[in-house]
Amino acid sequence: QVQLVESGGGLVQAGGSLRLSCAASGRTFRSYAMGWFRQAPGKEREFGAAIDWSGGITYYADSVKGRFTISRDNAKNTVYLQMTSLKPEDTAVYYCAADRVYNTVVAGPDGVDYWGKGTLVTVSS
């Protein structure tokens, strides 16, 4: 069982930056691939970024590639999402997710085992 708690959301102007954090419970954090997803009002939850258990492999949705960076610190049981050059269309609730299978996170959100409750990011124009 993994419990995930996101933090770091807020209001930012277009062009600005934010760093989201996701703290995971349990001693098996390093066994899990991690991901960030987002859900904008009236839209389905969509994949944003994934990272494998070691941090050595990452993958991004085209919509965030080059602007967002996912990373993890296994000693701190934490995964991060550094967001730069934010756009109003990045406004969404951002969710942290975990699964033992990296490809499941990449192909998500369907099938991903564990989810946080989300943190709201609002980008003003």
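Our subject is the structure listed above.
The notes below deal with the structure included here. Nothing here was measured: the structure is a model prediction, and the numbers come from that model.

Details of the overall build of the protein
Here is step 1: Of the regular secondary structure elements, the protein holds one helix and 11 strands.
Here is step 2: Taken from the N to the C terminus, the helices and strands of the protein come in the order β-β-β-β-β-β-β-β-β-α-β-β.
Here is step 3: Put simply, the protein has 125 residues, and 46% of those count as buried.
Here is step 4: A fraction of 59% describes how many contacts in the protein between residues 6 or more apart in sequence connect residues 24 or more apart.
Here is step 5: Accessible surface, the protein as shown: approximately 6400 Å² in total, 48% of it carbon and sulfur.

Thoughts on the sheet that holds strand β1 (residues 4-7)
Strand pairing in a sheet relies on backbone hydrogen bonds, with the paired strands running either antiparallel or parallel.
Here is step 1: Pairing is antiparallel across the open sheet formed by four strands, whose spatial order is β1-β3-β8-β7. Unpaired on one side and paired on the other, β1 and β7 (68-73) mark the two borders of the sheet. Strand-to-strand, the axes of this sheet are offset by a mean angle of 15 degrees, without reference to chain direction.
Here is step 2: Here β7 runs beside strand β8 (residues 78-83); their pairing, made up of six bridges, is antiparallel. The residue bridging Phe 68 from the neighbouring strand is Met 83, located in β8.

Overview of the side chain of Asp 52
Here is step 1: Here Asp 52 shows up in the loop between β5 (46-51) and β6 (58-60).
Here is step 2: Among all residues touching Asp 52, those that are not within four sequence positions of it are Ala 33, Ile 57, Arg 72 and Tyr 102.

A short note on the pattern of salt bridges
Here is step 1: Evaluated as defined, the whole model comprises four salt bridges.
Here is step 2: For Arg 38, the salt bridge goes to Glu 46, with nearest N and O atoms at 2.8 Å.
Here is step 3: You can call Glu 46 partly exposed: its relative accessible area is 35%.
Here is step 4: Between Lys 65 and Asp 62 there is a salt bridge whose closest N-O contact spans 3.2 Å.
Here is step 5: Linked through salt bridges whose partners overlap, the residues forming this network are Arg 38, Glu 46, Arg 67 and Asp 90.

Some details on the environment of Asp 52
Here is step 1: A relative accessible area of 8% places Asp 52 in the buried class.
Here is step 2: Along the backbone, Asp 52 and Phe 29 are 23 residues apart, and their C-alpha atoms lie at a distance of 11 Å.
Here is step 3: In this structure the side chain of Asp 52 is engaged in a polar contact, spanning 3.0 Å, whose partner is the backbone nitrogen of Gly 56.

About the criteria used
- Residues numbered from 1 in each chain as written.
- Predicted model: local features only at pLDDT ≥ 70, side-chain atom pairs only at ≥ 80, totals over all residues.
- Heavy atoms only, no water.
- Helix = DSSP H or I, 4+ residues; strand = E, 2+ residues; numbered from the N terminus.
- Buried < 20%, exposed > 50% of the residue type's maximum accessible area, 1.4 Å probe, protein only.
- Contact = heavy atoms within 4.5 Å.
- Areas by Shrake-Rupley, 256 points an atom, 1.4 Å probe, with all protein chains shown as cover.
- Pairing = 2+ DSSP bridges.
- Axes fitted to C-alpha atoms, helices over the stretch in contact; angles between N-to-C directions.
- Salt bridge = Lys/Arg side-chain N within 4 Å of Asp/Glu carboxyl O.
- Polar contact = N/O pair within 3.5 Å; in protein donor to acceptor, adjacent residues only side chain to side chain.

Just distances and angles here, no functional claims.
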